[in-house]
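So you can see what is in the structure, the chains are spelled out below.
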Amino acid sequence: MTNVVDVQKLEMTYAGPPEVRALRSCEFTIDQGEYVAITGPSGSGKTTLLSLLGLLESPTGGRYYLDGANVASLNDNERAAVRAHKIGFVFQAFHLVEYRSVIENVQVGLLYQGVGRLERRTRSIRLIEQVGLEHRASALCATLSGGERQRVALARALIRRPSLVLCDEPTGNLDSSTSERVLDLLGGLNGQGLTVVVVTHDDRVAARASRHLTIIDGQLGQGSSSDV
Amino acid sequence: MSRVDSLPSRLLWGDAVAEALSAVMHRPARALLTSLGTIVGVAAFVTTTGVAATLNAQVSSSFDALAATEVRIRDPSAEGASPFPEDADARLERLNGVNHAGVLYSVPDDGRLSPRSNPSDPRVSSTARVPVVAATPGAIRATLPQVRSGRLPDPLHEERSEPVVLLGRVAASQLNVNVVDDQPAVFIGDTAYVVIGILEHVERNPELLLAAIIPSSTERVRIGARTSDYEVLIDVAPGAAPLIGRQAPIALRPEHPSSLTALVPPNPSTLRRQVETDVTSLYYALAVLSLFVGTIGIANATLLNVIERRSEIGLRRALGATRVHIAQQVMLEAIIVGALGGLIGTMLGILAVNGVAISQTWTTTMDPRLVGFAPLAGVATGALAGAIPAVRASRTPPAVTLRS
Ligand SMILES: Nc1ncnc2c1ncn2[C@@H]1O[C@H](COP(=O)(O)OP(=O)(O)OP(=O)(O)O)[C@@H](O)[C@H]1O
Ligand SMILES: [Mg+2]
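Summarised in this report is the structure supplied together with it.

### Things to note about the nonpolar core
General note: in soluble globular proteins, nonpolar side chains tend to be found buried as a group.
Here's step 1: Counting residues in hydrophobic clusters, the biggest one holds 63 residues, and the most contacted among them are Val5, Phe28, Leu53, Tyr64, Leu66, Leu164 and Val197 of chain A.
Here's step 2: Residues contacting leucine 66 of chain A, with those up to four places away along its chain left out, are Val4, Val5, Leu55, Val71, Val82, Lys86, Ile87 and Leu164 of chain A.
Here's step 3: One finds Ala101, Ala225, Ala251 and Leu260 of chain B within the second-largest nonpolar core, a separate group that totals 42 residues.

So, in structure tokens, the structure goes:
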């Protein structure tokens, strides 16, 4: 079985001034169906790593194979295409389109795959049921609670049928009980084979993962390699 | 090292429009305010063009078609005998665009002429006297006459200076002449003139209906009037008046045409152009200015909007939108706002034109193409305004979603 992610000597240096070496020579692989937590102190490079894995930025060095294809040196349009079809994001700040309804926000996940209206609708209804928001499907996102927002974001990520779901502090803006609900959902989906990477400060979030990577000062430490 | 064989990012056109529409319409008041400049500009444009068209239609319809086909020529320095050549009719009717032309003048009567049906009648007082007019056949025809009885004098009468007379309808009843079949005679001075016809109606020189009209050569030979009243009357084809106004003096007096004065009707197209220049250029300038202000207004608002929605744009990028998709959406939003302004402006403009027309009791005359074109002006405004914000938005890095 191929790795979903295979990263070799990955480097990220932000051209300053001041110049910041946010990642140095990172190497690791992630298999299909893994649940990986990335932890580390503030400013250590966790978000940077996530943005490279999600092709939001291009690395300044090294190689990145996603589903076996080298994506480290793609141009802007090619990266957009890979994002559209292979990556699901869950952000700390949710990033919902506030003036649109729940169902519309979930459908945005398919907009740039060129999926037609009808299929978008049926698939989004299914995902909304899966995250338990069918009673709020036509509510405006501006009226949702934090936990509900993050469940909408999760549905939007999953409707794309991504190879990889990337979460940056997914519970950072949630209280503990709503956090549990979101983490339960994520764990359940991982149980069905979804590959998940979570960046977090929070030990309770990290504890859900099957494998831990630790970053300190841009360098990957081994951490506790596995709970499995 | 295998490259990615992934599908491209794709945004369906219908979805692009729907996304843009929903972004604009969730704040209708703001959209309306944003398009205000465009509304004013398009409304001003439609109003100006519509009022100008209506006014032009008004000018040309109130413009007397009869006057437009009439040229009159006088010699300001004429005194005594006729200043025009005896063959004036022939000279003028040779010109292209002349239907009929000739000389006519009233013959001064100090009481000795006094047209009457019986030679022994006392000569009547000046108030009730039938005036005598001398005219060439062409001049009579140039008045567009209608004959009740008999016929008009022809070139032969003129050539032979025959003692014939044409009576105006009023003159005929004054002189108790009803029909001309039995060749009644009328006495002018001491000469008997045969009545050859009675005029029922003339389109020009209505005073002829009151007069006894004799051939001008007959007048010359038998009366020899001295006056300054000579006038050449020309009936021309539509549109030929300005040209004939220049050519007729040359035909009549080739050696010194400028000593003659031609009275030419004002050219309706000149008049229209004048209306356009005077009334409308200012308003057009105003319309263009408002459209310009409208463009800046939309550009400004769209730019602010793009900055405000930076995280939404970043999200769309993260979800796979290309730069072109983002630029496209921003452009579409600006175009929708512009088109909205164009539509509202057009409607307001049409209302304004109708308001003006009704208040002036004119008939609204508008080019239907204008109604189609004006919203397009709004679209163009929007497209122009959207360009810079679209480029700005398309440069939003997708990583902003992680860093905010
Ligand atoms: N666009 C950028 N330009 C310059 N420096 C950057 C940029 N983005 C991140 N950095 C720097 O790179 C380093 C790693 O940042 P990163 O956001 O990845 O840390 P993090 O581990 O996610 O921190 P936190 O836990 O606080 O979220 C930091 O020193 C940060 O200041
Ligand atoms: Mg971070």
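From this point, the narrative continues.
### Description of the pattern of salt bridges
Here's step 1: Summed over the entire model, instances satisfying the criterion amount to 35 salt bridges over all chains.
Here's step 2: For the salt bridge of glutamate 200 of chain B with arginine 148 of chain B, the shortest nitrogen-to-oxygen distance reads 3.0 Å. Note that glutamate 200 of chain B is positioned in strand E7 (residues 191-201) and arginine 148 of chain B in strand E4 (residues 146-150), a separation of 52 residues in sequence.
Here's step 3: Ionic contacts of the salt-bridge type, sharing partners, join the residues Arg100 and Glu104 of chain A together with Glu19, Arg309, Glu312, Arg316 and Glu333 of chain B into one network.

### Observations regarding helix H4 (residues 117-130) of chain A
Here's step 1: Along its 14 residues, H4 of chain A runs 20 Å from first to last C-alpha, staying within 8% of the 20 Å computed at 1.5 Å per residue.
Here's step 2: For H4 of chain A, every residue scored as buried is listed here: Arg120, Arg123, Ser124, Leu127 and Ile128 of chain A. Across the axial projection of H4 of chain A, the buried residues extend over an arc of 140 degrees, all falling on one side.
Here's step 3: On its buried side, H4 of chain A packs onto helix H3 (102-111) and helix H5 (146-158) of chain A together with helix H1 (13-25) of chain B.
Here's step 4: Of the residues trailing H4 of chain A, glycine 132 of chain A is marked for its positive phi of about 70 degrees.

### What about the sheet that holds strand E9 (residues 211-216) of chain A?
In a beta sheet, neighbouring strands pair by backbone hydrogen bonds and run either parallel or antiparallel.
Residues and elements named next belong to chain A.
Here's step 1: Spatially, E6-E7-E8-E3-E9-E10 is the arrangement adopted by the six strands of the open sheet, whose pairing is mixed. In this open sheet, the two strands that pair with only one neighbour each are strand E6 (87-90) and strand E10 (219-221). The mean angle between the axes of side-by-side strands here comes to 25 degrees, regardless of whether they run parallel or antiparallel.
Here's step 2: Note that strand E3 (residues 35-39) and strand E8 (residues 196-199) share four bridges and pair parallel. Its bridge partner lying in E8, valine 36 is registered against valine 197.
Here's step 3: Contacting E3, E6, strand E7 (164-168), E8 and E9, helix H1 (residues 46-53) crosses the sheet at an angle of about 155 degrees to E7.
Here's step 4: Of the strands in this sheet, E3, E7 and E8 touch helix H6 (residues 176-191), which is tilted by about 135 degrees from E3.

### Digging into helix H2 (residues 76-86) of chain A
Here's step 1: In terms of burial, H2 of chain A is largely enclosed, as nine of its 11 residues are buried.
Here's step 2: Here H2 of chain A has its buried residues at Asp76, Arg79, Ala80, Ala81, Val82, Arg83, Ala84, His85 and Lys86 of chain A.
Here's step 3: Residues of H2 of chain A that are buried in the fold lie against strand E4 (61-66), E6 and E7 of chain A together with helix H11 (310-318) and helix H12 (323-359) of chain B.
Here's step 4: The residue sitting at the N-terminus of H2 of chain A and contributing the capping side-chain oxygen is asparagine 75 of chain A; that oxygen lies 3.1 Å from the backbone nitrogen of asparagine 77 of chain A.

### Digging into the interface of chain B and chain A
Here's step 1: Listed as interface residues are 36 residues of chain B and, on the opposing side, 44 residues of chain A.
Here's step 2: Across the chain B/chain A interface, buried area totals approximately 3500 Å², and carbon plus sulfur atoms make up 56% of it.
Here's step 3: The partner of arginine 100 of chain A in a salt bridge is glutamate 19 of chain B, with the nearest N and O atoms 3.1 Å apart.
Here's step 4: On the surface where chain B and chain A come into contact, there are 18 residue pairs in polar contact (both at pLDDT 80 or more).
Here's step 5: Listing elements by their share of the side of chain B that touches chain A, those giving two or more residues are H1, H11 and H12 of chain B.
Here's step 6: At six residues, the largest contribution of residues to the side of chain B that touches chain A is made by H11 of chain B.
Here's step 7: Across the side of chain B that touches chain A, the residue classes tally to 14 nonpolar, 12 polar and 10 charged.

### Comments concerning the pairing of E7 of chain A
All names here are of chain A.
Here's step 1: Most of E7 sits out of view: five of its five residues are buried.
Here's step 2: Going residue by residue along E7, you find Leu164, Leu166 and Asp168 tucked away on one face and Val165 and Cys167 tucked away on the opposite face as well.
Here's step 3: As paired elements, E6 and E7 share four bridges and run parallel to each other. Bridging from a neighbouring strand, valine 90 pairs with cysteine 167 of E7.

Cut-offs used in this document
- Residues numbered from 1 in each chain as written.
- Chains lettered and ligands numbered in written order.
- Predicted model: local features only at pLDDT ≥ 70, side-chain atom pairs only at ≥ 80, totals over all residues.
- Heavy atoms only, no water.
- Core = buried A, V, L, I, M, F, W, Y, C linked by side-chain atoms within 4.5 Å.
- Buried < 20%, exposed > 50% of the residue type's maximum accessible area, 1.4 Å probe, protein only.
- Contact = heavy atoms within 4.5 Å.
- Salt bridge = Lys/Arg side-chain N within 4 Å of Asp/Glu carboxyl O.
- Helix = DSSP H or I, 4+ residues; strand = E, 2+ residues; numbered from the N terminus.
- Expected span 1.5 Å × (residues − 1).
- Arc of directions from axis to C-beta.
- Pairing = 2+ DSSP bridges.
- Axes fitted to C-alpha atoms, helices over the stretch in contact; angles between N-to-C directions.
- Polar contact = N/O pair within 3.5 Å; in protein donor to acceptor, adjacent residues only side chain to side chain.
- Buried area = accessible area lost by both parts, 1.4 Å probe.
- Nonpolar A, V, L, I, M, F, W, Y, C, P; charged D, E, K, R; others polar.

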